[in-house]
Every structure is written in structure tokens, then in C-alpha cells.
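Coordinate analysis (summary)
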Amino acid sequence: MSKRRIDVLSIASYILLFFVALVVVLHFVFGFQYVVILTDSMEPNINPNDLVITVPVSPEELHVGDVVLYRVEIGNTTYRITHRIVGMRPDSSGRFYYITKGDNRNYTDPWQVYPEQVIGRVVFVIPKIGVVWYYTPLIVFGLFLIVIASLAYDLAWLLLEEEPVRPKSRKADLLVLRRKKIKVYHYRR
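What you are looking at is a predicted structure, and each value in this text was computed from that prediction instead of being measured.

1. With respect to the nonpolar core
Tyr34, Leu62, Val68, Tyr70, Tyr98 and Val118 are the most contacted members of the largest nonpolar core, which totals 17 residues. Secondary-structure elements contributing two or more residues to this core are β1 (33–36), β2 (51–55), β3 (67–74) and β4 (77–90). Formed by six residues, the second largest nonpolar core is a distinct cluster that contains Ile46, Val52, Val67 and Val122.

2. A word on a nonpolar patch on the surface
Taken together, the side chains of Leu16, Phe19, Val20, Val24, Val25, Phe28, Val29 and Phe30 make up a nonpolar region of the molecular surface, amounting to roughly 800 Å² of accessible area. Looking at the secondary structure, you find leucine 16 in helix α1 (residues 8–28).

3. Some details on the pattern of salt bridges
The final tally for this structure, using the stated rule, is four salt bridges. We note a salt bridge from aspartate 40 to arginine 105, for which the minimum N-O separation is 3.1 Å. Within this pair, whereas aspartate 40 is found in the loop between β1 and β2, its partner arginine 105 is found in the loop between β5 (96–101) and β6 (118–126), the two being separated by 65 residues in sequence. In this structure aspartate 40 comes out as partly exposed when scored by relative accessible area, which is 31%. Judged by relative accessible area, arginine 105 falls into the partly exposed class, the value being 24%. In this structure, the salt-bridge partner of arginine 121 is aspartate 66, at a minimum N-O distance of 3.7 Å. Residue arginine 121 is located in strand β6, and its partner aspartate 66 is located in the loop between β2 and β3; the two are separated by 55 residues in the primary sequence.

4. Some words on the pairing of β6
Strand direction decides the pairing type here: β2 and β6, joined by five bridges, are antiparallel. Bridging from a neighbouring strand, threonine 54 pairs with valine 122 of β6. Taken together, the three bridges between β3 and β6 define a ladder with antiparallel strand orientation. Looking across to β6, one finds that tyrosine 70 is bridged to valine 118.

5. Re the pairing of β1
Alternating positions in β1 separate into two faces, Gln33 and Val35 on one and Tyr34 and Val36 on the other, with burial throughout. Here β1 pairs with β2 via four bridges, running antiparallel. Looking across to β2, one finds that valine 36 is bridged to leucine 51.

6. Topic: the confidence of the model for the protein
A residue-level look at the protein finds 80% of positions with pLDDT of 70 or above and a mean pLDDT of 82. β5 holds the highest mean pLDDT among the elements of the protein, 94, whereas helix α4 (residues 170–188) holds the lowest, 61.

7. Here's the deal with the packing of aromatic side chains
Tallying each qualifying case throughout the model produces two aromatic pairs. Note that arginine 95 overlies the ring of tyrosine 114, its terminal NZ or CZ placed 4.2 Å from the centroid.

8. Some points on unusual backbone geometry
In this structure, the amide linkage connecting glutamate 43 to the following residue, proline 44, adopts the cis form with an omega of 5 degrees. Mapped onto the fold, proline 44 is located in the loop between β1 and β2. One non-glycine residue, lysine 128, adopts positive backbone phi at about 60 degrees. Structurally, lysine 128 can be placed in the loop between β6 and α2 (130–134).

9. Looking at the sheet that holds β5
Taken in spatial order, the six strands line up as β1-β2-β6-β3-β4-β5 in an open sheet, and their pairing is antiparallel. Only two strands of the sheet have a single partner each, and these edge strands are β1 and β5. Taken pair by pair, the neighbouring strands of this sheet meet at an average axis angle of 50 degrees, ignoring direction. Looking at chain direction, β4 and β5 are connected through six bridges and run antiparallel. Counterpart to methionine 88 in the pairing with β5 is tyrosine 98.

Calculation notes
Residues numbered from 1 in each chain as written. Predicted model: local features only at pLDDT ≥ 70, side-chain atom pairs only at ≥ 80, totals over all residues. Heavy atoms only, no water. Core = buried A, V, L, I, M, F, W, Y, C linked by side-chain atoms within 4.5 Å. Buried < 20%, exposed > 50% of the residue type's maximum accessible area, 1.4 Å probe, protein only. Helix = DSSP H or I, 4+ residues; strand = E, 2+ residues; numbered from the N terminus. Patch = residues over 30% accessible without salt bridge, like charges linked within 9 Å, V, L, I, M, F, W, Y side chains within 5 Å. Areas by Shrake-Rupley, 256 points an atom, 1.4 Å probe, with all protein chains shown as cover. Salt bridge = Lys/Arg side-chain N within 4 Å of Asp/Glu carboxyl O. Pairing = 2+ DSSP bridges. pLDDT = per-residue confidence, 0-100. Phe/Tyr/Trp six-rings, centres within 6.5 Å; stacked < 30°, edge-to-face > 60°. Lys NZ or Arg CZ within 6 Å of the ring centre and 35° of its normal. Axes fitted to C-alpha atoms, helices over the stretch in contact; angles between N-to-C directions.

Here is the structure:
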């Protein structure tokens, strides 16, 4: 019986492929969002460079104490912020909005966050992975360039390689060998 040697590189590539497929399916099918935290506003629970994974929720599922990702427009720029819901109130027209605050802040956010602004609730935090996640497009582009260069190298060798010299038949090699032996024997006398 022959034992199959476990190829570590092959296993690692399958794990990486599974991870990428999982991330893509969770994002495009189920609406998960992946956000790298840039500030210290949610310390000590969520630190800068942590990767936060959020899942879409309906407004009825949100409660005081939930950490949410929401979008707010300040001037001409839209920001995505991850803060904790610390309260809910109705505005002057009777619509409810959320009062949010960073865990590391002494004051609440100065804006009102309405349910349609909420992108999702934080379900998972992966510490320090945000550094890698932030550079993922660059890493994927680099790997893509390496694969293209490797394929180009192989194609160049295939096109530029000379056709190998065809070996003579075995019979012709034996005849040449016999002639050499005869000549050597003939000259020795």
C-alpha cells in the first residue's frame, strides 16, 4: 500500500479558498458587512484595526445596548460609524431615532440615527485582522500578478524551447558501438 503524503501547501490553499468563498457568500447572499475600525471610540471592547462583522437587522430587533454600524452624512461626505445604542426617542414628527455613543466617549453623538440609516448589528469582532483586511485588495492584486507572470514564463519557455533531438533507434546505436569495437580491435593487432 502506498501512503499519500499530506501536502501542507495544498491544504492551506483549500482552507484559503473555503474562507474566501465563505466571506463572499456571507456578503452577497446574506448581506454581511465587514468594517475595519479606525478610531478608538469603542475601546476597550473594539480597538483600532479590529475587523467588525455586521449582519442586517430590522429596526424591531435593535435594543438599547446593541452595537450597530450606521451611515451618517456630514456635509457632502457619508461616514460609516460603529457605536452603541444608548437610547431611543421620538423626534418632533413622531419618528423614532437612536441615540448612539462610543464606549470610550463621555458624550453621545450629536446626530440622530434613524432606522433606515442602520446598516447592521455587530455580531463578531476579529482583533487586529483589520490590518490584513485593509490591504487585501493589494495582496490579491500581487498574487494575480504572480500567477500571470508564472503563466507568461511557462508560455515563453513552451514557445522558445527547441525541439529535442530525437534519439536514434536502439539498433542504430548498437551498430555504431560494434563498429567502434571492431576498429579498436583492428588497430590493436
